[in-house]
Amino acid sequence: MIKRLNILVVDDDVDNACSLGELFELEGHSAHVVHDGQAAIDAYLGTDFDLAFMDVMMPGKNGVESFIEIRRMKPDAKVFMMTGYSVEELLRQATREGALGVIEKPMEAEDVLRMTERVGAGGLLVTSPLVFNSTLGDTIYETLSRNGRSCRLIKNATDIIGNDLPESVMVIDTKNSLIDSVSYYAAFCKLLHAPTTIIIPPIKRAAAMLGVGKWDVGSTGILNKPFDPSDLINRLPQLAA
């Protein structure tokens, strides 16, 4: 017997939102549907949801801004972004006017230094699954530090809170989803001028071995449209775990 989940759906496209909510209800779950970011924030004020699926592009507060507020209130909230953008395009939105780079192959120290210089202050670098290993954050931090770059390694939210972060490079290796790490970056940008930032999303090796796509929803927190509803239904227990 499946566990009955309490799910929030947030999308300004009323038909899409209602269709997804009805699909969850047909599978025995409870679905609450709203159509803008502020309504999603208000919903979390009175309810704990097992999962939320939130569109990125909405009038008023967009999905990323709403996600940041929700996670500030409910740090353990499991919110997945729904977007027609590629992951790279979504990250480019999060950088505002900053440059974006994706590290897609193992690099020498000089290569990492060159890429941080290319994206500049406020720019964002993201490592892809092709270069993932469990100590990558430490390795990048040590490489940059040895080469004279002031650097801070962020492994949890408390490494940011209460610090001015004067360093020229911030390495975010929290083992959380990519959208979680982007929310740290975006929230920091609102407070101070962000340094060059390198984000290391977690990649599940078993998923990679099974041929799951380059950016998996479990490691990114991003659900790319169009998606197969039956696949999403099958993955609900995994995403809610």
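Conventions we followed
Residues numbered from 1 in each chain as written. Predicted model: local features only at pLDDT ≥ 70, side-chain atom pairs only at ≥ 80, totals over all residues. Heavy atoms only, no water. Phe/Tyr/Trp six-rings, centres within 6.5 Å; stacked < 30°, edge-to-face > 60°. Pairing = 2+ DSSP bridges. Helix = DSSP H or I, 4+ residues; strand = E, 2+ residues; numbered from the N terminus. Axes fitted to C-alpha atoms, helices over the stretch in contact; angles between N-to-C directions. Core = buried A, V, L, I, M, F, W, Y, C linked by side-chain atoms within 4.5 Å. Buried < 20%, exposed > 50% of the residue type's maximum accessible area, 1.4 Å probe, protein only. Contact = heavy atoms within 4.5 Å. Salt bridge = Lys/Arg side-chain N within 4 Å of Asp/Glu carboxyl O. Polar contact = N/O pair within 3.5 Å; in protein donor to acceptor, adjacent residues only side chain to side chain. Patch = residues over 30% accessible without salt bridge, like charges linked within 9 Å, V, L, I, M, F, W, Y side chains within 5 Å. Areas by Shrake-Rupley, 256 points an atom, 1.4 Å probe, with all protein chains shown as cover. Lys, Arg positive; Asp, Glu negative; His and termini not counted. Charge placed at Lys NZ, Arg CZ, Asp CG, Glu CD.

*Asks:* Please explain the packing of aromatic side chains as it appears in this structure.
*Replies:* Counted under the stated rule, the structure contains three aromatic pairs. Taken together, the ring pairs connect Phe24, Phe53 and Phe80 into an aromatic cluster.

*Asks:* In this structure, what is going on with the sheet that holds strand β10 (residues 222–224)? I would like to understand it.
*Replies:* Across a sheet, strands are paired by hydrogen bonds formed along the backbone, either parallel or antiparallel in direction. Reading across the sheet, the five strands line up as β2-β1-β3-β4-β10 and stay open at both edges, with parallel pairing between neighbours. Edge strands, defined here as strands with exactly one partner in the open sheet, are β2 (30–34) and β10. Strand-to-strand twist across the sheet, computed as the mean angle between neighbouring axes with direction ignored, equals 20 degrees. Alignment of strand β3 (residues 51–55) against strand β4 (residues 79–83), held across four bridges, turns out to be parallel. In the sheet register, phenylalanine 53 faces β4, and the bridge partner there is phenylalanine 80.

*Asks:* Explain the environment of methionine 57 to me, please; I cannot follow it from the model alone.
*Replies:* Residue position: methionine 57 is located in the loop between β3 and α3 (63–73). In this structure the C-alpha to C-alpha distance between methionine 57 and threonine 83, which are 26 residues apart in sequence, comes to 7.4 Å.

*Asks:* When you look at the nonpolar core in this model, what are you seeing that I'm missing?
*Replies:* Nonpolar side chains tend toward joint burial in soluble globular proteins. In this structure, Leu8, Tyr44, Met54, Ile70, Val79 and Met81 are the most contacted members of the largest nonpolar core, which totals 35 residues. Secondary-structure elements contributing two or more residues to this core are β1 (6–10), α2 (37–46), β3, α3, β4, β6 (124–127), β8 (169–172) and α7 (178–191). The leading source of residues in this core is α7, at six residues. Dropping the residues within four chain positions of it, isoleucine 70 is found in contact with Ala40, Ile41, Tyr44, Met54, Ala77 and Val79.

*Asks:* For this particular structure, what's the right way to read the pattern of salt bridges?
*Replies:* Between side chains of opposite charge, pairing is possible as soon as their charged atoms come close. Applying the stated criterion across every chain yields a total of six salt bridges. The residue aspartate 111 makes a salt bridge to arginine 114 at a minimum N-O spacing of 2.5 Å. Note that aspartate 111 and arginine 114 are positioned in helix α5 (residues 109–119) at a spacing of three residues, about one turn of the helix. Of the residues examined, aspartate 111 reaches a relative accessible area of 24% and is grouped as partly exposed. The network of salt bridges with shared partners includes Asp11, Asp55 and Lys225.

*Asks:* In this structure, what is going on with the side chain of threonine 116? I would like to understand it.
*Replies:* As for its position among the elements, threonine 116 is in helix α5. Judged by relative accessible area, threonine 116 falls into the buried class, the value being 1%. Polar side-chain contacts of threonine 116 include one of 2.7 Å to the backbone oxygen of leucine 113. Discounting chain neighbours no more than four positions away, the residues touching threonine 116 are Leu125, Leu144, Arg149, Thr196 and Ile198.

*Asks:* Could you clarify how one ought to interpret a negative patch on the surface in this entry?
*Replies:* Among the surface-exposed residues, Asp12, Asp13, Asp15, Asp36 and Asp42 lie close enough to one another that they form a single negatively charged patch. By the secondary structure assignment, aspartate 12 is in the loop between β1 and α1 (14–26).

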